[in-house]
Amino acid sequence: MMLRQIFENVRMKCPLIHNITNYVTVNDCANVLLACGASPIMADDEDEVSDITSICAGLNINIGTLNRRTIASMLAAGKRANELNHPVVFDPVGAGASKLRTKTAEKLLEEVRFAVIRGNISEIKTLASGSGTTKGVDADIADKVTEENLSEAVLFAKEFAMKTRAVAVITGAVDIVADGRTAYCIRNGHPMMSSVTGTGCQLSAVTAAFVAANPDHLLEAAAAAVCAMGIAGETAYQRLTELDGNAAYRSYIIDAVYNLTPEKLEEGAMYEVR
Amino acid sequence: MMLRQIFENVRMKCPLIHNITNYVTVNDCANVLLACGASPIMADDEDEVSDITSICAGLNINIGTLNRRTIASMLAAGKRANELNHPVVFDPVGAGASKLRTKTAEKLLEEVRFAVIRGNISEIKTLASGSGTTKGVDADIADKVTEENLSEAVLFAKEFAMKTRAVAVITGAVDIVADGRTAYCIRNGHPMMSSVTGTGCQLSAVTAAFVAANPDHLLEAAAAAVCAMGIAGETAYQRLTELDGNAAYRSYIIDAVYNLTPEKLEEGAMYEVR
Amino acid sequence: MMLRQIFENVRMKCPLIHNITNYVTVNDCANVLLACGASPIMADDEDEVSDITSICAGLNINIGTLNRRTIASMLAAGKRANELNHPVVFDPVGAGASKLRTKTAEKLLEEVRFAVIRGNISEIKTLASGSGTTKGVDADIADKVTEENLSEAVLFAKEFAMKTRAVAVITGAVDIVADGRTAYCIRNGHPMMSSVTGTGCQLSAVTAAFVAANPDHLLEAAAAAVCAMGIAGETAYQRLTELDGNAAYRSYIIDAVYNLTPEKLEEGAMYEVR
């Protein structure tokens, strides 16, 4: 399926996405979902997440500011979404940075079947190994995916995808989107995106919308979401003036998603399949 | 009382508004309150909401990301505000989307006396009937207020207002602001406002400021708030460039509230009284 | 140490800052930390704050939307940061506005050793006296630091700093940064900054980054942070157009921090030492 069609499905179906996410970047997640044509709903109380997930087309779980109360909600929502066969995206923000995050991520992996798992290489390595070091929510420099270690990273991503039966999305200088057999290596985006808090969270939310609208094409849908956010980062960067900084860039990225068309996504996507 | 005077009172009295609201749109609620001349304070712990409400002029309760802990706080704050005769605004975000939201909204209606209840037609129908379907936080298409079903909707709003002894604010393509006898049908605003998360939440916050500064003119104050946000949505829309999207629009709306004058509100308001 | 060097250290060391802060302004705190060259991590569950603080260079505690759960986390994180000798910044938002805030602020002062305490004069007076009145999160008009009562306020700040063994940062028309012996009186900034929610919270976050990168120069680091935010407020103000309001100003301030250089900080800083 072409990326263009994947995105057309999002714009046409307007999937409602249930987000259990952190309070740092939640507003951007809601606005970027609206920008790409989806609808957001945020709900994190154990007493309602099952109801909310039931009326949605997809679920996005992000542990960026997890707490005792919301961990239970993530598990309950994830299981319900699994029962209903709604795709679930997992963003293991900061896995490895605390025992609580690592343990919670592991528990979620055990009890919930994820359609997509998206993180930086350090977070994904933590999930893969139960160990790993995390400098906050960014990958360790030694752990970055670069052109040099790309082949190795692709192999790792495929193995992780096989093991978890999820599409693995590892974001970095080059983004890798892989299932057990195929990997997209994507070269969209701009380094300045890391100076805006939550571009990763936004990508996870957008990915949830893309897979919810294309449940039979998880790999392509995740790749399309990564390309869409990356192209938006490029378009937004070109718009920056001398006085602009990361706050302007933040808005420009969401605006660029809003103005992105399926055609521009198809044209702008820069990837190779390995 | 003229809308101009209503707004002048807000700018003059700078009411302090206590918000127990969702974490998705809370920053916009705070900034739009500052933009209209009021002051925000957010506090949601049961151990302090009574104190906080006591030093404020009005209370805004929004169940957008309710949880067990904050539901108790909403009830406590609402009751305290009632004791002090401070106007309380209720935004039943997503009522009907989960049993928890519907039950909580009903409990709040039973135990707290509201000055204004603001929602979309689907949410208000849920409160009115104890049933109803909600697609996330937006009204069902079949449930939208349009020019065709306006008379019916006005009747419904008046009945709901009578029943709850609150001013009913039902927002949609046409906004209805009604007490038991009189209804304002307001045609300000722009459809693109629904592509920004939380414009409804912002309106509820602004409404709390308007009624807090005009406690003896609840109906006119709520109508003025709806006109003010609608005019801001129009002004902001005119400012959009080709590269702008919903993120720019989000800022432009708040900026337009900041630059709105009582005179421009009076001139720009488009309503009929039924 | 010159302000220029203080800021160079921030840009060079990129300190990771642990924030336990309110959900109103948390996104701005994260983005302003990135803008000044630091990295943010937000974590507020008691089960992980000790781990998170351990991997950070500094801790920022803000009680703007405190609750039972997070109060315990603030205490645990503060104590752990003290053990590790990481500087801790305290922002007692709304101290005096509720018994819970006042009591919590007092408890934190007793059990945690702060490198810097930053608030408006009303909040700091509450901490100093155990009494005081607070109009929301802004200082009472009668309590503002002005040119007229500056000498008195400087004395008060020095005494408070002596008593708490922290650098006192009292922000207002003139900002005072004082330890027991020396006070910087800073005249950067713009009154319109108070029309953006959370510029105080942002300053506290930036201060945490500045002291974390300059742990042996707490007084100068706090003064540099205050000058940096003030200069950003000035630069951003100059950028405002007729249609801009507080939402544009909000972004422009963070953009100005992003574009601030150590040289511009040195040149633009307006202070006298008393």
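Right above here is the structure, for reference.
Residues numbered from 1 in each chain as written. Chains lettered and ligands numbered in written order. Predicted model: local features only at pLDDT ≥ 70, side-chain atom pairs only at ≥ 80, totals over all residues. Heavy atoms only, no water.

(A) Region of the structure containing the overall build of chain A. A tally of regular secondary structure across chain A gives 11 helices and nine strands. Against the compact-globule benchmark of 19 Å for 274 residues, chain A has a radius of gyration of 17 Å, which places it among compact chains. With the principal axes as the frame, chain A shows a C-alpha extent of 45 × 40 × 40 Å. Expressed as a percentage of its 274 residues, the buried residues of chain A come to 66%. Long-range pairs, those at least 24 residues apart, make up 73% of the contacts in chain A with a sequence separation of at least 6. About 9300 Å² of surface is accessible on chain A, with carbon and sulfur atoms providing 52% of the total. Within chain A, one finds 25 positive and 33 negative side-chain charges whose respective centroids are separated by 4 Å. (Helix = DSSP H or I, 4+ residues; strand = E, 2+ residues; numbered from the N terminus. Rg over C-alpha atoms; globule rule 2.2 N^0.38 Å. Buried < 20%, exposed > 50% of the residue type's maximum accessible area, 1.4 Å probe, protein only. Contact = heavy atoms within 4.5 Å. Areas by Shrake-Rupley, 256 points an atom, 1.4 Å probe, with all protein chains shown as cover. Lys, Arg positive; Asp, Glu negative; His and termini not counted. Charge placed at Lys NZ, Arg CZ, Asp CG, Glu CD.)

(B) Main features of the pairing of strand β4 (residues 88-91) of chain B. Residue and element names in this part refer to chain B. Residues of β4 alternate between two faces, with Val-88 and Phe-90 on one and Val-89 and Asp-91 on the opposite face, all of them buried. With helix α4 (residues 68-84) bridging strand β3 (residues 58-62) and the parallel β4, this β-α-β connection has right-handed handedness. As defined by bridge partners, β4 adjoins strand β5 (residues 116-120) across two bridges and the pair is classed as parallel. In the strand pairing of β5, Val-89 is matched with Val-116. Crossover handedness for the path β4 to helix α5 (residues 99-111) to β5: right-handed. (Right-handed = clockwise from strand over helix to strand, strands pointing away. Pairing = 2+ DSSP bridges.)

(C) Structural context of the side chain of Asn-19 of chain A. Residue and element names in this part refer to chain A. Relative to the helices and strands, Asn-19 resides in strand β1 (residues 16-20). Given the relative accessible area of 0%, Asn-19 is considered buried. Only 2.9 Å separates the side chain of Asn-19 from the side chain of Asn-60, close enough to count as a polar contact. Not counting chain neighbours up to four residues away, the residues in contact with Asn-19 comprise Leu-33, Pro-40, Ile-41, Met-42, Ala-43, Asn-60 and Ala-205. (Polar contact = N/O pair within 3.5 Å; in protein donor to acceptor, adjacent residues only side chain to side chain.)

(D) Region of the structure containing the pattern of salt bridges. Applying the stated criterion across every chain yields a total of 54 salt bridges over all chains. The residue Asp-45 of chain B makes a salt bridge to Arg-69 of chain B at a minimum N-O spacing of 3.4 Å. Placement of the pair is Asp-45 of chain B in the loop between β2 (39-42) and α3 (49-54) and Arg-69 of chain B in helix α4, with a sequence separation of 24 residues. Here Asp-45 of chain B falls in the buried class, since its relative accessible area comes to 0%. A relative accessible area of 25% places Arg-69 of chain B in the partly exposed class. For Arg-80 of chain B, the salt bridge is made with Glu-83 of chain B, and the minimal N-O distance between the two is 2.6 Å. One end of the pair is Arg-80 of chain B and the other is Glu-83 of chain B, both in helix α4 and three residues apart, which spans about a single turn. Judged by its relative accessible area of 26%, Arg-80 of chain B falls in the partly exposed class. Members of the salt-bridge network, linked through shared partners, are Asp-44, Asp-45, Glu-46, Asp-47 and Arg-69 of chain A together with Arg-68 of chain B. (Salt bridge = Lys/Arg side-chain N within 4 Å of Asp/Glu carboxyl O.)

(E) Spatial organisation of the relation of the copies chain B and chain C. For these two chains of identical sequence, chain B goes onto chain C by a turn of 120 degrees and a shift of 0.0 Å along the axis, with RMSD 0.0 Å. Look at the turn and shift together and you get a three-fold axis relating the two. If distances are taken from each C-alpha of chain B to the rotation axis, the shortest is found for Tyr-23 of chain B, at 3.6 Å. Comparing contact sets, just 10% of the residues at the interface of chain B also lie at the interface in chain C, consistent with a heterologous contact between different surfaces. (Least-squares fit on C-alpha atoms with pLDDT ≥ 70 in both.)

(F) Structural view of helix α4 (residues 68-83) of chain C. Residues and elements named next belong to chain C. The end-to-end C-alpha distance of α4 is 24 Å, a good match for the 22 Å that 16 residues give at a rise of 1.5 Å each. When α4 is considered as a whole, its buried residues turn out to be Thr-70, Ile-71, Ser-73, Met-74, Leu-75, Ala-77, Gly-78, Ala-81 and Asn-82. On its buried side, α4 packs onto β1 (16-20), α3 (49-54), β3 (58-62), β4 (88-91) and α5 (99-111). The backbone nitrogen of Arg-69 has a side-chain oxygen 2.9 Å away, supplied by the residue at the start of α4, namely Asn-67. At the C-terminal side of α4, Asn-85 shows a positive phi close to 65 degrees. (Expected span 1.5 Å × (residues − 1).)

(G) A look at the relation of the copies chain A and chain B. Here chain A sits on chain B after a turn of 120 degrees about the axis and a move of 0.0 Å along it, with an RMSD of 0.0 Å. Comparing interface residues between copies, only 10% of those in chain A also lie at the interface in chain B; the contact surfaces differ.

(H) Structural context of the packing of helix α8 (residues 199-213) of chain B against helix α9 (residues 218-239) of chain B. Residues and elements named next belong to chain B. Taken N-terminus to C-terminus, the directions of α8 and α9 make an angle of 140 degrees; their axes are 8 Å apart at the nearest point. As far as their axial angle goes, α9 and α8 are oblique. As for the relative orientation of α8 and α9, their crossing is right-handed in sense. Here Thr-199, Gln-202, Leu-203, Val-206, Thr-207, Phe-210 and Val-211 of α8 lie close against α9, whose contacting residues are Leu-218, Ala-221, Ala-222, Ala-224, Ala-225, Val-226, Ala-228 and Met-229. (Axes fitted to C-alpha atoms, helices over the stretch in contact; angles between N-to-C directions. Parallel < 35°, antiparallel > 145°, perpendicular 65-115°, else oblique. Left-handed = near helix turned anticlockwise from the far one by under 90°.)

(I) Structural detail: the sheet that holds strand β7 (residues 175-178) of chain A. Residue and element names in this part refer to chain A. Spatially, nine strands are ordered β2-β1-β3-β4-β5-β6-β7-β8-β9 in an open sheet, and the strand pairing comes out mixed. The open sheet has two free edges, formed respectively by β2 (39-42) and β9 (271-273), since each of these has just one partner strand. This sheet shows a mean twist of 20 degrees between the axes of neighbouring strands, independent of strand direction. Sheet topology places β1 next to strand β3 (residues 58-62); four bridges connect them, and they run parallel. Across the sheet, residue Asn-19 finds its bridge partner in β3, namely Asn-60. In the packing of helix α4 (residues 68-84) onto the sheet, contacts are made with β1, β3 and β4 (88-91), and the angle to β3 comes to roughly 155 degrees.

(J) Quick look at the interface of chain B and chain C. Between chain B and chain C, the residue contacts involve 31 residues of the former and 32 residues of the latter. Carbon and sulfur atoms make up 48% of the surface buried where chain B meets chain C, a total of about 2600 Å² over both sides. Where Lys-99 of chain C meets Asp-51 of chain B, a salt bridge forms, and the shortest distance between an N and an O atom there is 3.0 Å. Viewed at the interface, chain C and chain B are joined by 19 residue pairs in polar contact (both at pLDDT 80 or more). If one sorts the elements of the side of chain B that touches chain C by residue count, helix α2 (residues 26-36) of chain B sits on top with seven residues. (Buried area = accessible area lost by both parts, 1.4 Å probe.)

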